[in-house]
Each structure stands twice: as C-alpha cells, then as structure tokens.
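If you want the building blocks of each chain, they are given just below.
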Amino acid sequence: MKKNIFIRNAGIFLLFGAPSIFAFAAVVLIPFLVGLYLTFTNWDVRMTSSSFIGLANYSKVFHDSVFLTQLWFTVKYALCTVLISNIVAFFIALALTRGVKGEKWLRTGFFTPNLIGGIVLGYLWQTLFSQVLPYLGNKYGWALFQSSWLTDTDTAFWALVIATAWQLVGYLMLIYIAGFSGVPNDVLEAASMDGANNATILRRIILPLSIPAIVISIFISISRSFLAYDINLALTKGGPFHSTEMASYHIVQKAFLSNQFGTGQAEAVVLFAVIALLALTQSYLLKKLEVES
C-alpha cells in the first residue's frame, strides 16, 4: 500500500515538477557549473582543447585595474539606482492606494516603461539627452540642459541612473502596492482616531508592515542594476572616454570581443559574488527589522 502511494506521488511529482526542474537545470544550473569550470581553464573558442590553469584567471581579475574601476562604478550606479527607484516607487504606490481618481490608468502608465526593452529604452533616452533636452535648454536658457548629458563624464552617470530608475519604478510600484494591501485598514483608522498624523502612521505602521515588500523590491533592483548591459550599450556605449562602462559591459567585451572566456567568466563569478553578498546582506538586515517590529 505504501509502495503504491509512493509510486503515485512520484508520478505526480514527475508529471508537474519534472518540466520545471529540467528547465531550471538546462537554463541555470548546468550553464552555471560549466561557466564555473571554465574559470579554471584557458579555454578559447578557437582552440580544440583547453588545459587546467587553477586560479590564474581569478588572479588576473584582481590585478585588472580597469575591471576593478568599472566594478566600483557599477556599485555606485547600483546604489543610486536602487535608492531613487525604490523611494519614488514607494511614494507613487502610497499615493495610488489612497483612492486617487483614475488610479488604475495611472498604475498602467507607470508600469509601461518596464515593458520596454533595454536597447529600445536606451535609444529613447539617448535621443532625449542628446537632442530634445539640449534643444529645449538652448531655447529657454536652461543651463543644465544646454549640452548633451552624454558628452560629460558626470552627467552621463546620472543619465544612466535616471533611465534605469525610470524603467524600474513601475515594476517596484506594483510590489509596494501589493505590500500596502496587507496593511489592515482598521489599524490605520484606529491610529488616525488616536490622533496620529500621516507621517507618524507612515513611520510607525505602514513602513514596518511593508518590510517584506521592501526586501523583495530592493533585492530585485539590486540584481537588475548590477546586471544592466543593454541600456549601457544603447545609451552611452561606455562613453565618454570609457567612463560609464559597467562591470557586465566589461565582461561581455572581455569574453566575446577579446576572446578571453576564462577571464571573462571569472569576472562574471566575482560580479555574481558581489551581487549575492549585497542582496543577502540587505535581506538579512531588513528581515531583522521585520521581526523586531
């Protein structure tokens, strides 16, 4: 009897779980393991064989000043993008859960940029920063926009941040709206009747009860910011003077253009470790706040 139940359960699991497991293994697990193996070899697409070279590729990574500079640039870019996109998305979601007229249309409008591909998005913002804003700046005397942001090392950084945050806000907004829906209305009404103002309600009730949504939103924005490649390629192409090349952009250049697959894959592993460390750290710290609250 137990054997029949086990066989039936195994059959049900294989029927529903096997396709997902196969897809995960084929798309994520196996490529990751193969890529990890390549970091210990001198594999080259032009070679018919490769040899094991140990940690030589990782040594090259940590002695590559260009990659380390671009990794630090990526950290700054991700930090600014995560902060801006989450703060804006949080307050938009807060406003759109207060019975604003036409809020469904507004939600759709804010979410639409997330549906635009990174290449298309990059070219749209490139036109905006290179042609539209300089035209308006010169016409109306706006000094900030009189020259293209993409020709200056400092403003090109903020152009990348703004474009990425603009794309992320709509998606994060939906997560925050889902988080706010879990805040009991009777608790908010009781706090209001007790004399708590909007700022107090936000700080003492809404924020603590929205920690799960905040954790998910920051995790998603961190991973998407660090792995940004298409918008970097379309908007700035790493310029001006290679000042906006991000780590993922450098990895692709190293692996596929310079044909150094082992070193490029080692850089990808280092980038993955940085993302995992930051994402898990923020998740741990915010989860502690959730427990304490």
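Residues numbered from 1 in each chain as written. Predicted model: local features only at pLDDT ≥ 70, side-chain atom pairs only at ≥ 80, totals over all residues. Heavy atoms only, no water.

Q: For this particular structure, what's the right way to read the pattern of salt bridges?
A: In total, this model carries two salt bridges according to the counting rule given. Close ionic contact of Arg107 with Glu103 constitutes a salt bridge, the shortest N to O distance being 3.3 Å. Within this pair, Arg107 and its partner Glu103 are both found in helix H4 (residues 103-111), separated by four residues, close to a single helical turn. Given the relative accessible area of 23%, Arg107 is considered partly exposed. Judged by its relative accessible area of 18%, Glu103 is buried. (Salt bridge = Lys/Arg side-chain N within 4 Å of Asp/Glu carboxyl O. Helix = DSSP H or I, 4+ residues; strand = E, 2+ residues; numbered from the N terminus. Buried < 20%, exposed > 50% of the residue type's maximum accessible area, 1.4 Å probe, protein only.)

Q: For this particular structure, what's the right way to read the nonpolar core?
A: It is characteristic of soluble globular proteins that their nonpolar side chains tend to be buried jointly. Phe67, Met173, Tyr176, Phe180, Ile206 and Leu271 are the most contacted members of the largest nonpolar core, which totals 43 residues. At the level of elements, helix H2 (56-62), helix H3 (65-95), helix H6 (153-180), helix H7 (185-193), helix H8 (198-209), helix H9 (211-226), helix H11 (247-257) and helix H12 (261-292) are the ones that each hand at least two residues to this core. Ranked by the residues each element gives to this core, the list is headed by H3, at nine residues. Excluding its chain neighbours within four sequence positions, the residues that come into contact with Ile206 are Leu94, Arg98, Phe180, Leu188 and Ile201. With 18 residues, the next largest nonpolar core counts Phe129, Trp149, Leu150 and Ala228 among its residues. (Core = buried A, V, L, I, M, F, W, Y, C linked by side-chain atoms within 4.5 Å. Contact = heavy atoms within 4.5 Å.)

Q: Would you explain a nonpolar patch on the surface in this entry?
A: Judged by side-chain polarity, Phe24, Val27, Val28, Leu29, Ile30, Phe32, Leu33, Val34 and Phe272 come together as a nonpolar surface patch covering roughly 840 Å² of accessible area. Tallying contributions element by element places helix H1 (residues 2-38) first for the nonpolar patch, with eight residues. Secondary-structure assignment places Phe272 in helix H12. (Patch = residues over 30% accessible without salt bridge, like charges linked within 9 Å, V, L, I, M, F, W, Y side chains within 5 Å. Areas by Shrake-Rupley, 256 points an atom, 1.4 Å probe, with all protein chains shown as cover.)

Q: Before we go on, may I ask you to explain the confidence of the model for the protein chain in this structure?
A: Reading predicted coordinates in detail is not appropriate for stretches of low pLDDT. When the pLDDT values of the protein chain are averaged, the result is 86; 95% of them are 70 or greater. When mean pLDDT is taken per element in the protein chain, H3 scores highest with 93 and H7 scores lowest with 78. (pLDDT = per-residue confidence, 0-100.)

Q: It is not clear to me how unusual backbone geometry should be interpreted in this structure. Could you clarify?
A: What is expected of a backbone is that most residues other than glycine have negative phi and most peptide bonds are trans. Note the cis peptide between Gly239 and Pro240, where omega equals 0°. Position of Pro240 among the secondary structure elements: in the loop between helix H10 (230-235) and H11. A positive phi angle is found at Lys237, which is not glycine, with a value near 55°. The residue Lys237 is located in the loop between H10 and H11 in this model.

Q: Explain the packing of aromatic side chains here, please?
A: Aromatic ring pairs are defined here through the distance separating the ring centres and the angle between the ring planes. This model, assessed by the stated rule, comprises 16 aromatic pairs. Members of the aromatic cluster, joined through ring pairs, are Trp125, Phe129, Phe145, Trp149 and Trp166. (Phe/Tyr/Trp six-rings, centres within 6.5 Å; stacked < 30°, edge-to-face > 60°.)

Q: How should I be thinking about the packing of H8 against H9 in this particular structure?
A: To describe two helices that pack against each other, one gives the angle between their axes and the distance between the axes. Put simply, H8 and H9 touch, their axes get as near as 5 Å, and they point 60° apart. As summarised for this structure, H8 and H9 are arranged oblique, according to the angle between their axes. Within the contact between the two elements, H8 uses Leu207, Pro208 and Leu209 and H9 uses Ile211, Pro212 and Ile214. Here the contact of H8 with H9 is built from residues that sort into six nonpolar, no polar and no charged. (Axes fitted to C-alpha atoms, helices over the stretch in contact; angles between N-to-C directions. Parallel < 35°, antiparallel > 145°, perpendicular 65-115°, else oblique. Nonpolar A, V, L, I, M, F, W, Y, C, P; charged D, E, K, R; others polar.)

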